[in-house]
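Residues per chain are reported as follows:
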Amino acid sequence: MLKIRKILYPTDFSRCSKQALAHALFLARQHRAEFQMFHASVLHADDPNDPERDFPEADEILAKLFEIADAKMTALVAEQERRSLSIREFRVRCVSPGQAILDHAKEEDIDVIVMGTRGWRTGPFLGSVAEHVVRHAECPVLTLRETEEPRRLEKLEQILVPIDFSKHSREALCFGRELAATYGSHLQLVHVIEEPDWPKVYSGSEIWAVPETQHGWREESAKAMHELIAETPGSTVDFGTYVLDGRASNQIAEFAEKHSTDLIVIPTHGLTGFERLILGSTTERVVRLAKSPVFTVRSFGKSLLPGALAA
């Protein structure tokens, strides 16, 4: 079973952040983990790189920000059942919410961070705060897109793990199958055969594999996924293999929506990533595109797997 002892839920009280709360609490209750609520009040007068933003009554403004945060955090906690759930609240003053979250996670030895992809008035779909946390957190990060009608999370029936046969996808598979064992989930192993992005000068050439060859690749990929899960240590779980054609990020996101995937487990690195790259482009696009929650497993960070599986 995964070793999840502390869960960090950063919130700016936005709609997206509130939707992430249900998932954070679900994980905390399932793993009997300590639940930490975290809010960072941003006061730009502290920014040495922006001297023009000078608040003559900065302390008074900060006090008001904390007062608002206190009231909202108290309301959130009051809405939740405290039964068998340890809740701690943290409020900090900072210039960078993303860095404040990372510093707190490191100081508190957090196992999982759960947060929305929008917040802190970042504007773009994948806010700079969430992106910064996903890129640099030493622990796994669960990110959630804002949806029109959030689904109440009661169980995880379908867990998707993209497979590119790299050592990093093997690590994500170990993580995914332990989650599947914990929640009694069906594991969806998905491999995408990507068509090369050839230069336009080749557009008239018949250089992409003929259908017969692609069919052989699909058969070999499905066979390789069965072999991979057979040789990968971990709990025995129900699983299916799926081979798709197209751009990996798009196909993963579309498959997850079509097949009612409850969670996508994906590593920060893949087959094409260098050892020290922070976030693979496919992972980043999946976080941006997928309507399902995305559990990003850092390949060079903290492992929640039991010792025998983490080795």
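Quantities reported herein were computed from a predicted structural model and do not represent experimental measurements.

Participant: How do you make sense of the overall build of the protein chain when you look at a structure like this?
Facilitator: If you tally the helices and strands in the protein chain, you get nine helices and ten strands. Across the 311 residues in the protein chain, those meeting the buried criterion constitute 49%. Partitioning the intrachain contacts of the protein chain with sequence separation of at least 6 by distance along the chain shows that 79% fall at a separation of at least 24. Of the roughly 15,900 Å² of accessible surface on the protein chain, a fraction of 49% belongs to carbon and sulfur atoms.

Participant: What's the story with helix 1 (residues 15-31) in this structure? I'm lost.
Facilitator: An α-helical turn contains 3.6 residues, so any two residues separated by three or four positions project in the same direction. Compared with an ideal rise of 1.5 Å per residue, which puts 17 residues at 24 Å, helix 1 spans 25 Å between its outermost C-alpha atoms and is within 8% of the ideal. Along helix 1, twelve of the 17 residues are buried, which leaves the element largely enclosed by surrounding structure. Residues of helix 1 that are buried include every one of Cys16, Ser17, Gln19, Ala20, Leu21, His23, Ala24, Leu25, Phe26, Leu27, Ala28 and His31, and no others.

Participant: Explain the environment of His259 here, please?
Facilitator: Take His259: it is sitting in the loop between helix 7 (248-258) and strand 9 (263-267). Separated by 99 residues in sequence, His259 and Leu160 have C-alpha atoms that sit 9.7 Å apart.

Participant: Would you mind going over the environment of Val294 with me for this structure?
Facilitator: Looking at where Val294 falls in the secondary structure, it is placed in strand 10 (residues 294-297). By relative accessible area, which is 1% here, Val294 ends up buried. In the structure, Val294 is positioned 149 residues away from Arg145 in sequence and 9.0 Å away in space, judged by C-alpha atoms. Ignoring any residue separated from it by four or fewer positions in sequence, one finds Val294 in contact with Val141, Leu142, Thr143, Ile264, Ile266, Val286 and Val287.

Participant: Is there a simple way to explain the pairing of strand 2 (residues 34-42) in this structure?
Facilitator: A regular strand places its side chains on the two faces of the sheet in alternate fashion. Burial of strand 2 is extensive: eight of the nine residues sit out of reach of the surface. Note that strand 1 (residues 6-10) and strand 2 share five bridges and pair parallel. Residue pairing across strands places Leu8 opposite Gln36, the latter belonging to strand 2. Note that the unit made of strand 1, helix 1 and strand 2 has a crossover that is right-handed.

Participant: So what exactly am I meant to see when it comes to the pairing of strand 4 (residues 112-116) here?
Facilitator: Of all five residues making up strand 4, five are buried, and the element is well covered by its neighbours. Across two bridges, the pairing between strand 1 and strand 4 is parallel. Considered in strand 4, the bridge of Leu8 is made with Ile113. Of the strand pairs in this sheet, strand 4 and strand 5 (residues 141-144) are connected by four bridges, and their pairing is parallel. Among the inter-strand pairings, Met115 is bridged to a residue of strand 5, identified as Thr143.

Participant: Explanation requested: the confidence of the model for the protein chain in the structure shown.
Facilitator: Predicted coordinates in areas of low pLDDT are best not read in detail. In this model, the protein chain carries a mean pLDDT of 78, and residues with pLDDT of at least 70 account for 67%. Confidence, expressed as mean pLDDT per element, reaches its minimum in the protein chain at helix 9 (residues 307-310) with 53 and its maximum at strand 6 (residues 158-162) with 96. Low pLDDT (under 50) marks residues 45-58, which in the prediction has ten contacts with non-local residues, meaning those over four places away or in another chain.

Participant: Which parts of the structure should I look at to understand unusual backbone geometry?
Facilitator: A negative phi angle characterises most non-glycine residues, just as the trans form characterises most peptide bonds. At Phe13, a residue that is not glycine, the phi angle is positive and equals roughly 70°. Considering the arrangement of structural elements, one finds Phe13 in the loop between strand 1 and helix 1. Here Phe165, not a glycine, exhibits a phi torsion of approximately 70°, which is positive. Positionally, Phe165 belongs in the loop between strand 6 and helix 5 (167-183). Judged by relative accessible area, which is 34%, Phe165 ranks as partly exposed.

Participant: Sorry, what's going on with the pattern of salt bridges here?
Facilitator: Two side chains carrying opposite charge are able to pair once their charged atoms lie near each other. For the structure on display, the rule yields twelve salt bridges. When the shortest N-O distance is used, the salt bridge between Arg91 and Glu89 registers 3.4 Å. Residue classification places Glu89 among the partly exposed positions, given a relative accessible area of 30%. Arg218 is the partner of Asp245 in a salt bridge, and the nearest nitrogen-oxygen pair spans 2.8 Å. You can see Asp245 sitting in strand 8 (residues 239-245) and its partner Arg218 sitting in helix 6 (residues 211-231), a full 27 residues away along the chain. Judged by its relative accessible area of 34%, Asp245 falls in the partly exposed class.

Participant: What's the story with the environment of Ser41 in this structure? I'm lost.
Facilitator: Here Ser41 shows up in strand 2. Spatially, the C-alpha atoms of Ser41 and Val92 are 6.1 Å apart, while their sequence positions differ by 51 residues.

Scoring rules and cut-offs
- Residues numbered from 1 in each chain as written.
- Predicted model: local features only at pLDDT ≥ 70, side-chain atom pairs only at ≥ 80, totals over all residues.
- Heavy atoms only, no water.
- Helix = DSSP H or I, 4+ residues; strand = E, 2+ residues; numbered from the N terminus.
- Buried < 20%, exposed > 50% of the residue type's maximum accessible area, 1.4 Å probe, protein only.
- Contact = heavy atoms within 4.5 Å.
- Areas by Shrake-Rupley, 256 points an atom, 1.4 Å probe, with all protein chains shown as cover.
- Expected span 1.5 Å × (residues − 1).
- Pairing = 2+ DSSP bridges.
- Right-handed = clockwise from strand over helix to strand, strands pointing away.
- pLDDT = per-residue confidence, 0-100.
- Salt bridge = Lys/Arg side-chain N within 4 Å of Asp/Glu carboxyl O.

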